[in-house]
Amino acid sequence: MKKHSRKIIFAILLIICALFLFPVFIVLMNSFKSKFYISSEPFRFPTGETFAGLSNYIDGLAKTGFFSAFLTSLFITVLSVGTIVLFTSMTAWYITRVKNTFTKLTYYAFVFSMVVPFQMVMFTMVKTANVLSLDNPLGLIVIYLGFGAGLSVFMFSGFVKGIPIEIEEAAMIDGCGPIRTFFLVVFPLMKPTTITVAIINTMWIWNDYLLPYLVIGSDYKTIPIAIQYLRGGYGSIDMGAMMAMLVLSIIPVVIFYLLCQKYIIKGVAAGAVKG
């Protein structure tokens, strides 16, 4: 009976997996079609008449300035994720180990920030960014830190509660101060949650369109903004080039996810149920 149940569960999960991968497959398939056939025959495989080879990729790279946008997205994503991981892990450790009213209120403030819709603070955030001269790639990193801190602190806090405090006390007895204790003892133990937080924020920041568009506009094009510029006047869209650029844009984050995916469940479980 258990064997049949496992087969049924496996079949259901396989169907769900196929449903999630189907849109990606459609984008990949249409990236090799002539743009005139993508709208009329979106679900048909490329044939001799509809096959466009690599022309969509060549046109997309030329029209969007993809490599420049790739470097901009890479710069913003790497620094933003690194900043989020560093500061939120330290914050989570502090508010978990130091028990007072201030740290409790700080923790609940981070948790509350997760339920505030972005649209509620969108216009005031843009105005504040302009006043504080944060409307540039470095300023955008600071803004990403603010928006990504809530979930990250929540996950790190849950993991820190499961770390025996005796390990930290032993390090301090050996002469380590708080900074050395954190970086030499606590932070290495956070590896599963650190990678999980990094993956979640990388997928969000790499694919984000609205925040870079509102803050830095077209002065520094990220990949989503560059792809959006394939939309021409009067609603015309170069669908072939757009499909090709979408395929190129998802490759880096998929590779990063596949390299680190074994840590995701472990990190989410550790950050959610420990303590």
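I'm lost on the overall build of the chain in this one. Help?
In terms of helices and strands, the chain carries 14 helices and zero strands. Starting at the N terminus and walking to the C terminus, you meet the elements of the chain as α-α-α-α-α-α-α-α-α-α-α-α-α-α. Each principal axis of the C-alpha distribution contributes one length, and for the chain these read about 75 × 65 × 35 Å. Looking at the 275 residues of the chain, the share that counts as buried comes to 39%. In the chain, of all internal contacts separated by at least 6 residues, the share reaching a separation of at least 24 is 73%.

Help me understand the layout of surface pockets, please; the structure alone is not making it clear to me.
The gaps of empty space that remain are located by a probe, the size of a water molecule, rolled over the atoms. Within this model, the largest pocket holds a volume of roughly 580 Å³. What lines the largest pocket is a set of 15 residues, among which Phe 20, Leu 21, Val 24, Ile 250 and Val 254 lie closest to the centre. Secondary structure elements with two or more residues in the lining of the largest pocket: helix 1 (2-30) and helix 13 (239-260). Across the lining of the largest pocket, the residue classes break down as 14 nonpolar, one polar and no charged. Its volume calculated, the second largest pocket comes out at about 390 Å³. Along its surface, the second largest pocket is lined by 17 residues, and Ser 113, Val 116, Phe 147, Gly 148 and Trp 204 are the ones closest to its centre. Residue classes in the lining of the second largest pocket are distributed as 10 nonpolar, six polar and one charged.

Is there a simple way to think about the packing of helix 4 (residues 66-97) against helix 5 (residues 101-113) in this case?
Two numbers describe a pair of packed helices, the interaxial angle and the distance between the axes. Relative to each other, helix 4 and helix 5 sit at 135 degrees, their axes nearing to 8 Å. When the axes of helix 4 and helix 5 are compared, the pair comes out oblique. Viewed along their axes, helix 4 and helix 5 form a crossing whose handedness is left-handed. Residues Thr 91, Tyr 94 and Ile 95 of helix 4 lie in contact with helix 5, whose contacting residues are Thr 103, Thr 106, Tyr 107 and Phe 110. Taken together, the residues of the contact of helix 4 with helix 5 break down into four nonpolar, three polar and no charged.

Quick question: what am I supposed to make of empty space enclosed by the protein here?
Throughout the structure, instances matching the rule amount to one cavity of 30 Å³ or more. Looking at the largest cavity, its volume works out to about 60 Å³. The set of elements that each furnish at least two residues to the lining of the largest cavity consists of helix 4, helix 7 (137-160) and helix 10 (191-207). Per-element tally for the lining of the largest cavity: the top contributor is helix 4, with three residues.

How should I be thinking about the packing of helix 4 against helix 9 (residues 178-189) in this particular structure?
Where helix 4 meets helix 9, the axes come as close as 12 Å, and the angle between the chain directions of the two elements is 105 degrees. Judged on the interaxial angle alone, helix 9 and helix 4 are roughly perpendicular. On helix 9, the residues touching Val 85, Leu 86, Ser 89, Met 90 and Trp 93 of helix 4 are Pro 178, Thr 181, Phe 182, Phe 183, Val 186 and Phe 187. Looking at the contact of helix 4 with helix 9, its residues break down into nine nonpolar, two polar and no charged.

Before we go on, may I ask you to explain helix 13 in this structure?
Note: α-helices contain 3.6 residues per turn, so residues at a spacing of three or four share the same orientation. With 22 residues, helix 13 should reach 32 Å at 1.5 Å per residue; the first-to-last C-alpha distance of 32 Å fits that figure. Among the residues of helix 13, Gly 240, Ala 241, Met 242, Met 243, Ala 244, Met 245, Val 247, Ser 249, Val 253 and Cys 260 are the ones counted as buried.

Before we go on, may I ask you to explain the nonpolar core in this structure?
Counting residues in hydrophobic clusters, the biggest one holds 32 residues, and the most contacted among them are Met 125, Leu 140, Ile 143, Met 190, Leu 211 and Val 215. Elements represented by at least two residues in this core include exactly helix 4, helix 6 (118-131), helix 7, helix 9, helix 10 and helix 11 (210-215). The element contributing the most residues to this core is helix 7, with eight residues. Formed by 14 residues, the second largest nonpolar core is a distinct cluster that contains Tyr 57, Ile 223, Ile 227 and Val 247.

Honestly, unusual backbone geometry in this entry has me stumped. Any pointers?
Outside of glycine, negative phi angles account for most residues, and trans bonds account for most peptide bonds. The phi dihedral of Ser 133 falls on the positive side, at around 60 degrees, and the residue is not glycine. Tracing the backbone shows Ser 133 in the loop between helix 6 and helix 7.

Mind showing me how you'd approach the environment of Tyr 107 here?
Residue placement: Tyr 107 occurs in helix 5. In the structure, Tyr 107 is positioned 50 residues away from Ser 157 in sequence and 8.8 Å away in space, judged by C-alpha atoms. When neighbours within four sequence positions are excluded, Tyr 107 is seen to be in contact with Ile 95, Phe 154 and Ser 157.

Would you take a moment to explain the confidence of the model for the chain for this structure?
In low-pLDDT regions, the fine details of the predicted coordinates are not to be read closely. When the pLDDT values of the chain are averaged, the result is 85; 93% of them are 70 or greater. By mean pLDDT, the top-scoring element of the chain is helix 4 (93), and the lowest-scoring one is helix 14 (residues 264-273) (54). Note on residues 271-275: pLDDT under 50 across the span, and 11 contacts to partners over four residues away in sequence or across chains.

The rules behind the values
Residues numbered from 1 in each chain as written. Predicted model: local features only at pLDDT ≥ 70, side-chain atom pairs only at ≥ 80, totals over all residues. Heavy atoms only, no water. Helix = DSSP H or I, 4+ residues; strand = E, 2+ residues; numbered from the N terminus. Buried < 20%, exposed > 50% of the residue type's maximum accessible area, 1.4 Å probe, protein only. Contact = heavy atoms within 4.5 Å. 1 Å grid on protein atoms, 1.4 Å probe; cavity = no way out; pocket = protein on both sides within 12 Å on 5 of 7 lines; lining within 4 Å. Points joined across faces, edges and corners; volume = space filled by probe spheres on them. Nonpolar A, V, L, I, M, F, W, Y, C, P; charged D, E, K, R; others polar. Axes fitted to C-alpha atoms, helices over the stretch in contact; angles between N-to-C directions. Parallel < 35°, antiparallel > 145°, perpendicular 65-115°, else oblique. Left-handed = near helix turned anticlockwise from the far one by under 90°. Expected span 1.5 Å × (residues − 1). Core = buried A, V, L, I, M, F, W, Y, C linked by side-chain atoms within 4.5 Å. pLDDT = per-residue confidence, 0-100.

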